[in-house]
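# Structural description and commentary
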Amino acid sequence: MILYMAVGRFISAVRHSSCLTYQYRFYGTTMTSLLVPPVSVRGMTCLDRDAFTTVVNVPTLKLCSSVVSTIMQVLKKYLLKICNFKPIQKTNEGIIIYLNPNIVTKFEDITENDRKLLMDQYEHFDFMSITMKYDNWRRDEILKSILPEDIQVPTAYTLVGHIAQLNLRDVHLPYKTIIGQIFLDKTPNVRTVVNKMNTIDTKFRYFAMEILAGEKNTITITKEHGCTYEFDFATVYWNSRLSTEHTRMTTFMMQDDVLYDVFAGVGPFAIPAARKKIQVFANDLNPESYKWLQKNAAANKLKNNFKAFNMDGRDFLRNIVKDDILSRRAQNLPGSEHIIMNLPASAIEFLDILPDWFTHEEFKKVCLKPLIFHVYCFVKANKTDNVCKLGRLLVEQKLGYILSTDAIVNIQDIRDVAPNKEMVRVSFLLKESMLKDKEPAMKKLKIEMNNM
Ligand SMILES: C[S@@+](CC[C@H](N)C(=O)[O-])C[C@H]1O[C@@H](n2cnc3c(N)ncnc32)[C@H](O)[C@@H]1O
(Lines give C-alpha, C1' and ligand atoms only; values in the text may rest on other atoms or scores of the structure.)
Protein backbone atom coordinates (compact mmCIF):
# COMPACT_ATOMS: atom_id res chain seq x y z
CA MET A 1 0.00 0.00 0.00
CA ILE A 2 2.75 2.40 1.01
CA LEU A 3 4.45 1.48 -2.18
CA TYR A 4 1.44 2.32 -4.38
CA MET A 5 0.86 5.65 -2.65
CA ALA A 6 4.46 6.54 -3.16
CA VAL A 7 4.32 5.60 -6.84
CA GLY A 8 1.17 7.70 -7.25
CA ARG A 9 2.94 10.75 -5.79
CA PHE A 10 5.81 10.13 -8.10
CA ILE A 11 3.65 9.94 -11.22
CA SER A 12 1.92 13.23 -10.42
CA ALA A 13 5.30 14.88 -9.90
CA VAL A 14 6.31 13.64 -13.32
CA ARG A 15 3.18 15.03 -14.95
CA HIS A 16 3.82 18.47 -13.51
CA SER A 17 7.29 18.67 -14.84
CA SER A 18 6.56 17.06 -18.16
CA CYS A 19 6.77 20.34 -20.14
CA LEU A 20 10.53 20.42 -19.65
CA THR A 21 11.97 17.21 -20.95
CA TYR A 22 15.43 15.82 -21.39
CA GLN A 23 16.34 12.93 -23.63
CA TYR A 24 18.82 10.33 -22.43
CA ARG A 25 19.80 6.83 -23.50
CA PHE A 26 19.34 3.71 -21.43
CA TYR A 27 20.11 0.26 -22.83
CA GLY A 28 20.20 1.80 -26.33
CA THR A 29 16.72 3.35 -26.05
CA THR A 30 16.14 7.11 -26.15
CA MET A 31 13.97 8.13 -23.20
CA THR A 32 12.71 11.34 -21.61
CA SER A 33 14.43 12.22 -18.36
CA LEU A 34 12.43 12.74 -15.21
CA LEU A 35 15.29 14.71 -13.69
CA VAL A 36 14.98 18.18 -15.18
CA PRO A 37 15.33 21.73 -13.86
CA PRO A 38 12.07 23.70 -13.34
CA VAL A 39 10.20 24.76 -16.48
CA SER A 40 10.31 28.40 -15.33
CA VAL A 41 14.02 28.73 -16.23
CA ARG A 42 13.33 28.42 -19.98
CA GLY A 43 14.45 31.59 -21.77
CA MET A 44 16.48 32.92 -18.81
CA THR A 45 19.20 35.34 -19.95
CA CYS A 46 20.43 36.59 -16.56
CA LEU A 47 21.57 33.75 -14.32
CA ASP A 48 19.37 33.22 -11.25
CA ARG A 49 20.84 30.14 -9.58
CA ASP A 50 18.02 29.88 -7.02
CA ALA A 51 15.50 29.37 -9.85
CA PHE A 52 17.04 25.92 -10.48
CA THR A 53 15.86 24.56 -7.12
CA THR A 54 13.20 21.90 -7.42
CA VAL A 55 11.89 18.93 -5.48
CA VAL A 56 12.04 15.55 -7.16
CA ASN A 57 10.61 12.23 -6.00
CA VAL A 58 13.12 9.47 -6.35
CA PRO A 59 12.96 5.72 -5.61
CA THR A 60 14.88 4.53 -2.58
CA LEU A 61 15.76 1.30 -0.84
CA LYS A 62 16.25 1.12 2.92
CA LEU A 63 18.78 -1.56 3.74
CA CYS A 64 18.53 -4.07 6.60
CA SER A 65 22.19 -4.07 7.44
CA SER A 66 24.93 -1.48 7.43
CA VAL A 67 27.11 -3.66 5.19
CA VAL A 68 26.64 -2.26 1.69
CA SER A 69 29.62 -3.66 -0.21
CA THR A 70 28.02 -6.89 -1.53
CA ILE A 71 24.66 -5.34 -2.38
CA MET A 72 26.41 -2.50 -4.23
CA GLN A 73 27.47 -4.83 -7.05
CA VAL A 74 23.76 -5.39 -7.74
CA LEU A 75 22.61 -1.80 -7.23
CA LYS A 76 25.45 0.02 -9.03
CA LYS A 77 23.57 0.40 -12.29
CA TYR A 78 20.40 1.75 -10.63
CA LEU A 79 22.05 4.45 -8.47
CA LEU A 80 21.08 8.10 -8.66
CA LYS A 81 24.27 9.67 -9.99
CA ILE A 82 24.01 13.46 -9.94
CA CYS A 83 26.54 16.18 -9.14
CA ASN A 84 27.26 16.88 -5.47
CA PHE A 85 24.92 14.19 -4.20
CA LYS A 86 25.68 10.96 -2.35
CA PRO A 87 23.35 8.15 -3.47
CA ILE A 88 24.22 6.09 -0.36
CA GLN A 89 23.34 7.93 2.82
CA LYS A 90 23.61 6.87 6.45
CA THR A 91 20.68 8.16 8.48
CA ASN A 92 19.52 7.56 12.05
CA GLU A 93 17.07 4.98 10.66
CA GLY A 94 19.74 3.12 8.68
CA ILE A 95 21.21 3.21 5.21
CA ILE A 96 19.14 4.68 2.38
CA ILE A 97 20.09 4.01 -1.25
CA TYR A 98 18.81 6.59 -3.75
CA LEU A 99 17.95 5.16 -7.17
CA ASN A 100 17.60 6.85 -10.53
CA PRO A 101 13.93 7.52 -11.38
CA ASN A 102 14.82 7.37 -15.07
CA ILE A 103 15.71 3.71 -14.56
CA VAL A 104 13.46 2.64 -11.71
CA THR A 105 9.88 3.88 -11.76
CA LYS A 106 8.57 0.83 -9.84
CA PHE A 107 10.23 -1.99 -7.94
CA GLU A 108 9.70 -4.36 -10.89
CA ASP A 109 12.02 -2.21 -12.99
CA ILE A 110 14.83 -3.87 -11.05
CA THR A 111 15.44 -7.09 -12.97
CA GLU A 112 14.08 -10.32 -11.57
CA ASN A 113 17.54 -11.69 -11.11
CA ASP A 114 18.68 -8.58 -9.22
CA ARG A 115 15.55 -8.64 -7.09
CA LYS A 116 16.40 -12.21 -6.08
CA LEU A 117 19.89 -11.11 -5.12
CA LEU A 118 18.44 -8.27 -3.04
CA MET A 119 16.07 -10.60 -1.19
CA ASP A 120 16.35 -10.21 2.63
CA GLN A 121 18.87 -7.40 2.15
CA TYR A 122 16.45 -4.46 2.19
CA GLU A 123 13.64 -3.40 4.48
CA HIS A 124 11.50 -1.56 1.98
CA PHE A 125 11.30 0.18 -1.36
CA ASP A 126 9.80 3.68 -1.27
CA PHE A 127 9.84 7.10 -2.91
CA MET A 128 11.41 10.08 -1.18
CA SER A 129 11.63 13.76 -2.06
CA ILE A 130 15.02 15.32 -2.61
CA THR A 131 15.74 18.98 -3.32
CA MET A 132 17.85 19.53 -6.38
CA LYS A 133 19.67 22.84 -6.66
CA TYR A 134 21.86 24.60 -9.25
CA ASP A 135 24.88 22.72 -7.86
CA ASN A 136 23.25 19.35 -8.61
CA TRP A 137 22.57 20.00 -12.30
CA ARG A 138 25.17 19.30 -14.95
CA ARG A 139 26.24 22.04 -17.37
CA ASP A 140 24.40 20.53 -20.34
CA GLU A 141 21.22 19.97 -18.27
CA ILE A 142 21.21 23.64 -17.24
CA LEU A 143 21.93 24.90 -20.75
CA LYS A 144 19.28 22.63 -22.25
CA SER A 145 16.72 23.89 -19.76
CA ILE A 146 17.29 27.60 -20.42
CA LEU A 147 17.79 27.65 -24.20
CA PRO A 148 14.77 27.51 -26.53
CA GLU A 149 14.06 23.88 -27.41
CA ASP A 150 15.04 24.28 -31.06
CA ILE A 151 18.53 25.57 -30.24
CA GLN A 152 21.35 23.05 -29.95
CA VAL A 153 23.21 23.16 -26.64
CA PRO A 154 26.83 24.31 -27.05
CA THR A 155 28.96 21.52 -25.59
CA ALA A 156 32.32 21.88 -27.32
CA TYR A 157 34.99 24.14 -25.90
CA THR A 158 38.76 24.35 -25.94
CA LEU A 159 40.69 24.76 -22.73
CA VAL A 160 43.76 26.98 -23.03
CA GLY A 161 45.30 27.43 -19.58
CA HIS A 162 42.57 28.98 -17.42
CA ILE A 163 40.52 30.03 -20.48
CA ALA A 164 37.58 28.10 -21.95
CA GLN A 165 37.18 29.13 -25.57
CA LEU A 166 33.70 28.71 -27.04
CA ASN A 167 32.68 28.97 -30.65
CA LEU A 168 29.05 30.10 -30.34
CA ARG A 169 26.67 30.23 -33.27
CA ASP A 170 24.51 33.25 -34.07
CA VAL A 171 21.45 31.65 -32.43
CA HIS A 172 23.34 31.46 -29.13
CA LEU A 173 24.36 35.11 -29.07
CA PRO A 174 21.27 36.46 -27.21
CA TYR A 175 22.22 33.98 -24.44
CA LYS A 176 26.02 34.42 -24.62
CA THR A 177 26.41 35.99 -21.16
CA ILE A 178 24.45 33.30 -19.33
CA ILE A 179 26.14 30.55 -21.38
CA GLY A 180 29.53 32.01 -20.41
CA GLN A 181 28.53 32.15 -16.72
CA ILE A 182 27.31 28.53 -16.74
CA PHE A 183 30.54 27.34 -18.40
CA LEU A 184 32.49 29.29 -15.78
CA ASP A 185 30.53 27.74 -12.89
CA LYS A 186 30.49 24.21 -14.25
CA THR A 187 33.87 23.67 -15.94
CA PRO A 188 36.76 22.68 -13.68
CA ASN A 189 39.88 24.91 -13.69
CA VAL A 190 38.24 27.63 -15.82
CA ARG A 191 38.54 31.25 -14.65
CA THR A 192 37.71 33.03 -17.93
CA VAL A 193 35.24 32.14 -20.68
CA VAL A 194 35.71 33.68 -24.13
CA ASN A 195 33.81 33.42 -27.37
CA LYS A 196 35.69 33.21 -30.64
CA MET A 197 34.43 35.90 -33.01
CA ASN A 198 34.22 35.32 -36.72
CA THR A 199 37.10 37.59 -37.62
CA ILE A 200 40.66 36.27 -37.75
CA ASP A 201 43.60 38.63 -37.88
CA THR A 202 44.71 37.52 -41.34
CA LYS A 203 48.29 38.65 -40.82
CA PHE A 204 49.14 37.03 -37.52
CA ARG A 205 46.36 34.38 -37.51
CA TYR A 206 45.03 34.97 -34.01
CA PHE A 207 41.28 35.47 -33.73
CA ALA A 208 39.24 38.20 -32.13
CA MET A 209 37.54 37.10 -28.92
CA GLU A 210 35.02 38.44 -26.48
CA ILE A 211 35.21 37.76 -22.77
CA LEU A 212 31.83 36.33 -21.72
CA ALA A 213 32.44 35.61 -18.03
CA GLY A 214 35.08 35.48 -15.33
CA GLU A 215 38.41 37.27 -14.98
CA LYS A 216 39.17 39.88 -17.65
CA ASN A 217 42.56 38.30 -18.23
CA THR A 218 43.65 36.59 -21.45
CA ILE A 219 47.28 36.11 -20.42
CA THR A 220 47.50 32.44 -19.62
CA ILE A 221 49.91 29.58 -19.00
CA THR A 222 49.47 26.18 -20.57
CA LYS A 223 51.53 23.02 -20.92
CA GLU A 224 52.12 20.92 -24.00
CA HIS A 225 54.19 17.75 -23.81
CA GLY A 226 56.20 18.84 -20.81
CA CYS A 227 56.94 22.41 -21.99
CA THR A 228 55.35 25.52 -20.49
CA TYR A 229 53.93 28.32 -22.62
CA GLU A 230 52.77 31.69 -21.42
CA PHE A 231 51.08 34.10 -23.81
CA ASP A 232 48.25 36.53 -24.30
CA PHE A 233 45.62 34.43 -26.07
CA ALA A 234 44.03 37.61 -27.45
CA THR A 235 47.14 38.72 -29.38
CA VAL A 236 48.99 35.58 -30.55
CA TYR A 237 48.21 32.32 -32.32
CA TRP A 238 47.71 29.18 -30.22
CA ASN A 239 45.88 26.02 -31.25
CA SER A 240 45.71 23.04 -28.90
CA ARG A 241 44.53 20.86 -31.80
CA LEU A 242 48.06 20.99 -33.22
CA SER A 243 49.58 19.34 -30.19
CA THR A 244 49.93 15.91 -31.87
CA GLU A 245 51.65 17.50 -34.85
CA HIS A 246 54.03 19.46 -32.61
CA THR A 247 55.07 16.19 -30.95
CA ARG A 248 55.29 14.33 -34.26
CA MET A 249 57.76 16.88 -35.63
CA THR A 250 59.81 17.08 -32.44
CA THR A 251 60.11 13.29 -32.42
CA PHE A 252 61.14 13.30 -36.09
CA MET A 253 64.13 15.61 -35.53
CA MET A 254 67.42 14.17 -34.26
CA GLN A 255 70.10 15.65 -32.07
CA ASP A 256 72.53 16.88 -34.78
CA ASP A 257 69.68 18.43 -36.79
CA VAL A 258 68.85 22.11 -37.07
CA LEU A 259 65.36 23.60 -37.02
CA TYR A 260 64.53 26.85 -38.80
CA ASP A 261 60.98 27.63 -37.67
CA VAL A 262 59.84 30.38 -40.06
CA PHE A 263 56.42 31.03 -38.44
CA ALA A 264 57.18 29.96 -34.88
CA GLY A 265 54.34 31.60 -32.92
CA VAL A 266 55.09 31.29 -29.20
CA GLY A 267 57.26 28.23 -29.79
CA PRO A 268 55.35 24.90 -29.79
CA PHE A 269 57.70 23.35 -32.39
CA ALA A 270 60.80 25.34 -31.50
CA ILE A 271 60.87 25.01 -27.71
CA PRO A 272 60.51 21.20 -27.42
CA ALA A 273 63.05 20.82 -30.26
CA ALA A 274 65.55 23.01 -28.42
CA ARG A 275 64.87 21.05 -25.23
CA LYS A 276 65.94 18.00 -27.24
CA LYS A 277 69.29 19.78 -27.81
CA ILE A 278 68.51 20.53 -31.45
CA GLN A 279 69.92 23.83 -32.73
CA VAL A 280 66.88 26.12 -33.21
CA PHE A 281 66.32 29.38 -35.07
CA ALA A 282 62.74 30.51 -34.35
CA ASN A 283 61.13 33.45 -36.09
CA ASP A 284 57.78 35.26 -35.94
CA LEU A 285 56.76 38.59 -37.42
CA ASN A 286 54.17 39.33 -34.74
CA PRO A 287 56.04 41.38 -32.06
CA GLU A 288 53.74 39.87 -29.40
CA SER A 289 54.58 36.28 -30.45
CA TYR A 290 58.28 37.20 -30.48
CA LYS A 291 58.00 38.62 -26.94
CA TRP A 292 56.33 35.46 -25.57
CA LEU A 293 58.64 33.21 -27.60
CA GLN A 294 61.62 34.73 -25.79
CA LYS A 295 59.88 34.51 -22.42
CA ASN A 296 58.99 30.87 -23.05
CA ALA A 297 62.56 30.05 -24.06
CA ALA A 298 63.71 31.42 -20.71
CA ALA A 299 60.91 29.71 -18.76
CA ASN A 300 61.83 26.36 -20.33
CA LYS A 301 65.49 26.98 -19.45
CA LEU A 302 66.79 26.99 -23.01
CA LYS A 303 70.41 27.93 -23.45
CA ASN A 304 72.71 28.70 -26.40
CA ASN A 305 71.05 26.38 -28.90
CA PHE A 306 67.99 28.68 -29.24
CA LYS A 307 67.80 31.98 -31.12
CA ALA A 308 64.65 34.05 -31.66
CA PHE A 309 64.00 36.49 -34.53
CA ASN A 310 61.26 39.01 -35.29
CA MET A 311 61.37 39.25 -39.09
CA ASP A 312 59.27 38.64 -42.12
CA GLY A 313 59.52 34.95 -43.11
CA ARG A 314 61.08 35.74 -46.50
CA ASP A 315 63.82 37.87 -44.97
CA PHE A 316 64.44 35.18 -42.37
CA LEU A 317 64.85 32.53 -45.10
CA ARG A 318 66.92 34.75 -47.39
CA ASN A 319 69.32 35.89 -44.69
CA ILE A 320 69.42 33.97 -41.40
CA VAL A 321 68.60 30.51 -42.79
CA LYS A 322 70.70 30.86 -45.93
CA ASP A 323 73.80 32.07 -44.04
CA ASP A 324 73.53 29.33 -41.47
CA ILE A 325 73.12 26.55 -44.06
CA LEU A 326 76.13 27.78 -46.02
CA SER A 327 78.18 28.01 -42.85
CA ARG A 328 77.17 24.45 -41.94
CA ARG A 329 78.22 23.19 -45.36
CA ALA A 330 81.54 25.04 -45.07
CA GLN A 331 82.16 23.22 -41.77
CA ASN A 332 80.78 19.93 -43.14
CA LEU A 333 78.52 19.56 -40.11
CA PRO A 334 76.43 16.38 -39.74
CA GLY A 335 72.64 16.21 -39.37
CA SER A 336 69.64 17.38 -41.39
CA GLU A 337 68.16 20.85 -41.64
CA HIS A 338 64.41 21.26 -41.16
CA ILE A 339 62.53 24.32 -42.35
CA ILE A 340 59.11 24.31 -40.71
CA MET A 341 56.59 26.60 -42.39
CA ASN A 342 53.33 26.50 -40.46
CA LEU A 343 51.33 29.33 -41.95
CA PRO A 344 48.90 27.18 -43.94
CA ALA A 345 47.00 30.03 -45.59
CA SER A 346 50.12 31.32 -47.36
CA ALA A 347 53.28 29.30 -46.55
CA ILE A 348 53.59 27.95 -50.09
CA GLU A 349 53.82 31.53 -51.39
CA PHE A 350 57.12 31.85 -49.55
CA LEU A 351 58.59 29.06 -51.71
CA ASP A 352 59.01 31.72 -54.39
CA ILE A 353 62.35 32.59 -52.78
CA LEU A 354 63.80 29.28 -54.00
CA PRO A 355 64.95 30.18 -57.52
CA ASP A 356 67.18 33.02 -56.30
CA TRP A 357 67.95 31.66 -52.87
CA PHE A 358 71.36 30.23 -53.67
CA THR A 359 73.74 30.49 -56.60
CA HIS A 360 74.06 27.41 -58.77
CA GLU A 361 77.27 26.35 -57.00
CA GLU A 362 75.82 26.97 -53.53
CA PHE A 363 72.66 25.05 -54.43
CA LYS A 364 74.69 21.97 -55.37
CA LYS A 365 76.59 22.13 -52.08
CA VAL A 366 73.39 22.62 -50.10
CA CYS A 367 71.86 19.50 -51.66
CA LEU A 368 74.77 17.33 -50.53
CA LYS A 369 73.08 17.06 -47.12
CA PRO A 370 69.38 16.63 -46.33
CA LEU A 371 67.55 19.94 -46.25
CA ILE A 372 63.86 19.26 -45.59
CA PHE A 373 60.99 21.67 -46.08
CA HIS A 374 57.89 21.00 -43.98
CA VAL A 375 55.24 23.13 -45.65
CA TYR A 376 51.70 23.33 -44.27
CA CYS A 377 48.80 24.22 -46.53
CA PHE A 378 45.02 24.28 -46.61
CA VAL A 379 43.43 21.98 -49.16
CA LYS A 380 39.88 22.33 -50.43
CA ALA A 381 38.60 18.78 -50.68
CA ASN A 382 35.55 16.59 -50.60
CA LYS A 383 35.35 13.59 -48.26
CA THR A 384 36.43 11.20 -51.01
CA ASP A 385 39.41 13.28 -52.20
CA ASN A 386 42.96 12.23 -51.45
CA VAL A 387 43.97 15.33 -49.49
CA CYS A 388 47.65 14.35 -49.33
CA LYS A 389 47.80 14.11 -53.10
CA LEU A 390 46.09 17.51 -53.41
CA GLY A 391 48.56 19.04 -50.93
CA ARG A 392 51.47 17.66 -52.93
CA LEU A 393 50.00 19.10 -56.16
CA LEU A 394 49.66 22.53 -54.55
CA VAL A 395 53.31 22.53 -53.54
CA GLU A 396 54.43 21.22 -56.94
CA GLN A 397 52.44 23.94 -58.69
CA LYS A 398 54.13 26.59 -56.61
CA LEU A 399 57.58 25.07 -57.13
CA GLY A 400 56.98 24.50 -60.83
CA TYR A 401 58.61 21.16 -60.27
CA ILE A 402 57.29 17.63 -59.91
CA LEU A 403 58.55 16.11 -56.68
CA SER A 404 60.12 12.71 -57.32
CA THR A 405 59.27 9.85 -54.95
CA ASP A 406 62.70 10.06 -53.32
CA ALA A 407 62.18 13.80 -52.69
CA ILE A 408 59.00 13.20 -50.68
CA VAL A 409 59.82 12.64 -47.01
CA ASN A 410 56.25 12.47 -45.79
CA ILE A 411 52.81 13.94 -46.47
CA GLN A 412 50.51 14.18 -43.49
CA ASP A 413 46.82 14.98 -43.20
CA ILE A 414 46.88 17.16 -40.07
CA ARG A 415 43.27 18.08 -39.27
CA ASP A 416 39.96 19.15 -40.73
CA VAL A 417 39.62 22.89 -40.49
CA ALA A 418 36.09 23.34 -41.84
CA PRO A 419 33.73 21.33 -44.02
CA ASN A 420 35.68 20.59 -47.21
CA LYS A 421 38.87 22.22 -45.90
CA GLU A 422 41.80 20.17 -44.63
CA MET A 423 45.22 21.11 -43.27
CA VAL A 424 48.04 19.08 -44.81
CA ARG A 425 51.82 19.00 -44.32
CA VAL A 426 54.05 18.26 -47.30
CA SER A 427 57.62 17.41 -46.25
CA PHE A 428 60.11 17.29 -49.10
CA LEU A 429 63.85 17.32 -49.64
CA LEU A 430 65.59 19.98 -51.65
CA LYS A 431 67.10 18.00 -54.55
CA GLU A 432 69.90 18.71 -56.96
CA SER A 433 67.59 17.44 -59.70
CA MET A 434 65.68 20.67 -59.23
CA LEU A 435 68.65 22.21 -61.03
CA LYS A 436 68.51 22.05 -64.79
CA ASP A 437 71.27 23.31 -67.07
CA LYS A 438 72.79 26.28 -65.31
CA GLU A 439 69.68 27.49 -63.58
CA PRO A 440 67.45 25.83 -61.07
CA ALA A 441 64.57 24.23 -62.96
CA MET A 442 62.14 26.03 -60.73
CA LYS A 443 63.42 29.37 -61.92
CA LYS A 444 63.08 28.32 -65.55
CA LEU A 445 59.59 27.03 -64.99
CA LYS A 446 58.66 30.16 -63.11
CA ILE A 447 59.85 32.32 -65.99
CA GLU A 448 57.95 30.11 -68.42
CA MET A 449 54.79 30.28 -66.31
CA ASN A 450 55.05 34.07 -66.01
CA ASN A 451 55.36 34.34 -69.78
CA MET A 452 52.28 32.25 -70.38
C1 LIG B 1 49.55 29.36 -37.84
S2 LIG B 1 50.60 30.23 -36.79
C3 LIG B 1 51.72 28.96 -36.30
C4 LIG B 1 52.36 29.17 -34.98
C5 LIG B 1 53.12 27.96 -34.45
N6 LIG B 1 54.11 27.48 -35.34
C7 LIG B 1 52.16 26.84 -34.07
O8 LIG B 1 52.28 25.74 -34.57
O9 LIG B 1 51.28 27.05 -33.23
C10 LIG B 1 51.48 31.21 -37.91
C11 LIG B 1 52.42 32.25 -37.30
O12 LIG B 1 53.04 32.95 -38.37
C13 LIG B 1 53.23 34.31 -37.99
N14 LIG B 1 53.36 35.08 -39.23
C15 LIG B 1 52.38 35.51 -40.06
N16 LIG B 1 52.92 36.12 -41.14
C17 LIG B 1 54.26 36.05 -41.00
C18 LIG B 1 55.34 36.46 -41.81
N19 LIG B 1 55.15 37.09 -42.97
N20 LIG B 1 56.58 36.20 -41.38
C21 LIG B 1 56.79 35.56 -40.21
N22 LIG B 1 55.80 35.17 -39.38
C23 LIG B 1 54.55 35.40 -39.78
C24 LIG B 1 51.99 34.62 -37.16
O25 LIG B 1 52.24 35.69 -36.29
C26 LIG B 1 51.74 33.30 -36.44
O27 LIG B 1 52.33 33.30 -35.17
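What you see is a predicted model; the values in this text were computed from it and never measured. (Residues numbered from 1 in each chain as written. Predicted model: local features only at pLDDT ≥ 70, side-chain atom pairs only at ≥ 80, totals over all residues. Heavy atoms only, no water.)

## A closer look at the overall build of the protein chain
- Looking only at helices and strands, the protein chain features 13 helices and 21 strands.
- Within the protein chain, the fraction of its 452 residues that count as buried is 47%.
- Within the protein chain, contacts between residues at least 6 apart in sequence are counted, and of these 66% link residues at least 24 apart. (Helix = DSSP H or I, 4+ residues; strand = E, 2+ residues; numbered from the N terminus. Buried < 20%, exposed > 50% of the residue type's maximum accessible area, 1.4 Å probe, protein only. Contact = heavy atoms within 4.5 Å.)

## Describing the sheet that holds strand β5 (residues 94-98)
- Pairing within the open sheet is antiparallel, and its four strands lie in the order β4-β5-β3-β6. Only two strands of the sheet have a single partner each, and these edge strands are β4 (88-91) and β6 (122-132). Neighbour-to-neighbour, the strand axes of the sheet open up by a mean angle of 35°, direction not taken into account.
- Here 10 bridges tie strand β3 (residues 54-63) to β6, and the two strands are oriented antiparallel to one another. Pairing of L63 across the sheet is with Y122, part of β6. (Pairing = 2+ DSSP bridges. Axes fitted to C-alpha atoms, helices over the stretch in contact; angles between N-to-C directions.)

## Thoughts on the packing of aromatic side chains
- Under the defined criterion, the tally for this structure stands at 17 aromatic pairs.
- A ring pair is formed by F52 and Y134, whose centres lie 5.5 Å apart and whose planes are at 65°; its orientation type is edge-to-face. Pair noted here: F52 is in the loop between β2 (29-32) and β3 and Y134 is in the loop between β6 and α4 (139-146), with a separation of 82 residues, a long-range link. Y134 carries the same exposure label as F52, and that label is buried.
- By the ring-pair criterion, three or more aromatic residues cluster together here, those being F107, Y122, F125 and F127.
- A cation over an aromatic ring shows up here: K421 above the ring of F378, its NZ or CZ 4.4 Å from the ring centre. (Phe/Tyr/Trp six-rings, centres within 6.5 Å; stacked < 30°, edge-to-face > 60°. Lys NZ or Arg CZ within 6 Å of the ring centre and 35° of its normal.)

## Quick notes on the sheet that holds strand β14 (residues 279-283)
- Read from one edge of the open sheet, seven strands run β15-β14-β13-β16-β17-β19-β18, paired in mixed fashion. Strands with a single pairing partner mark the edges of an open sheet, and in this sheet they are β15 (306-309) and β18 (408-418). Neighbouring strand axes in the sheet, compared pairwise and without regard to direction, differ in orientation by 15° on average.
- In this sheet, β14 lies alongside strand β13 (residues 258-261) in parallel orientation, the contact comprising four bridges. Looking across to β14, one finds that V258 is bridged to Q279.
- Along the sheet, helix α8 (residues 287-299) contacts β14 and β15; its crossing angle with β15, the most-contacted strand, is approximately 165°.

## Points about the nonpolar core
- By size, the foremost hydrophobic cluster in this structure holds 42 residues, and its most contacted members are I339, M341, L351, W357, F373 and F428.
- Counting residues per element, the ones that place at least two in this core are β13, α9 (313-330), β16 (337-341), α10 (354-357), α11 (360-366), β17 (371-380), α12 (387-399) and β19 (421-429).
- Per element, the largest residue contribution to this core is five residues, and it comes from β17.
- Leaving out residues up to four positions away in the same chain, I339 has contacts with Y260, V262, L317, V321, W357, L371, I372, F373 and H374. (Core = buried A, V, L, I, M, F, W, Y, C linked by side-chain atoms within 4.5 Å.)

## With respect to the site of the ligand
- Neighbouring the ligand are 22 residues; H246, F263, D284, D312 and G313 lie closest to it.
- Across the complex, the protein chains shield 97% of the 600 Å² of accessible surface that the ligand would expose by itself.
- Of the residues contributing to the shell around the ligand, the split by class is 12 nonpolar, seven polar and three charged. (Near = heavy atom within 4 Å. Areas by Shrake-Rupley, 256 points an atom, 1.4 Å probe, with all protein chains shown as cover. Nonpolar A, V, L, I, M, F, W, Y, C, P; charged D, E, K, R; others polar.)

## Here's the deal with the side chain of T222
- Note that T222 resides in strand β11 (residues 219-224).
- Residue classification places T222 among the buried residues on the basis of a relative accessible area of 13%.
- Once residues lying within four places of it in the same chain are set aside, the contact partners of T222 are G161, C227, T228, Y229, F231 and W238.

## Thoughts on the packing of α4 against helix α5 (residues 176-186)
- The geometry of α4 relative to α5 is characterised by a closest axis approach of 10 Å and an angle of 160° between their N-to-C directions. By the angle between their axes, α4 is roughly antiparallel relative to α5. Here α4 runs over α5; the crossing is right-handed. Contacts between α4 and α5 involve R139, I142, L143 and I146 from the former and I178, I179, I182, F183 and K186 from the latter.
- The class makeup of the residues in the contact of α4 with α5 is seven nonpolar, no polar and two charged. (Parallel < 35°, antiparallel > 145°, perpendicular 65-115°, else oblique. Left-handed = near helix turned anticlockwise from the far one by under 90°.)

## A short note on the environment of R138
- Here R138 lies in the loop between β6 and α4.
- Residue class for R138 comes out partly exposed when judged on its relative accessible area of 37%.
- Put simply, R138 and K186 are 48 residues apart on the chain and 7.3 Å apart in space, counted from C-alpha to C-alpha.

## Section: the side chain of D257
- Here D257 lies in the loop between α6 (243-252) and β13.
- At 6.3 Å, R328 is the nearest oppositely charged side chain to D257, a buried residue that forms no salt bridge.
- Reaching out from D257, the side chain makes a polar contact with the backbone nitrogen of M254 at a distance of 2.9 Å.
- A distance of 2.9 Å separates the side chain of D257 from the side chain of H338, its partner in a polar contact. (Lys, Arg positive; Asp, Glu negative; His and termini not counted. Salt bridge = Lys/Arg side-chain N within 4 Å of Asp/Glu carboxyl O. Polar contact = N/O pair within 3.5 Å; in protein donor to acceptor, adjacent residues only side chain to side chain.)

## With respect to α9
- The terminal C-alpha atoms of α9, which comprises 18 residues, lie 24 Å apart, in line with the 26 Å expected from a rise of 1.5 Å per residue.
- The largest bend in α9 amounts to roughly 30° and is located at V321.
- All of the buried residues in α9 are G313, F316, L317, V321, K322, D324, I325, R328 and R329.
- The N-cap of α9, judged by a side-chain oxygen 3.0 Å from the amide nitrogen of R314 a few residues on, is D312. (Expected span 1.5 Å × (residues − 1). Bend = angle between axes of the 7 residues up to and from the residue.)

## Remarks on a positive patch on the surface
- On the surface, K223, R275, K277, K301 and K303 cluster together into a patch of positive charge.
- Its place among the elements puts K303 in the loop between α8 and β15.
- The exposure class of K303 is exposed, given its relative accessible area of 65%. (Patch = residues over 30% accessible without salt bridge, like charges linked within 9 Å, V, L, I, M, F, W, Y side chains within 5 Å. Charge placed at Lys NZ, Arg CZ, Asp CG, Glu CD.)

## Thoughts on the confidence of the model for the protein chain
- Scored by pLDDT, the protein chain comes out at a mean of 89, with 88% of its residues at no less than 70.
- Low pLDDT, under 50, characterises residues 1-21; the stretch is placed with 28 contacts to residues that sit more than four places away or in other chains. (pLDDT = per-residue confidence, 0-100.)

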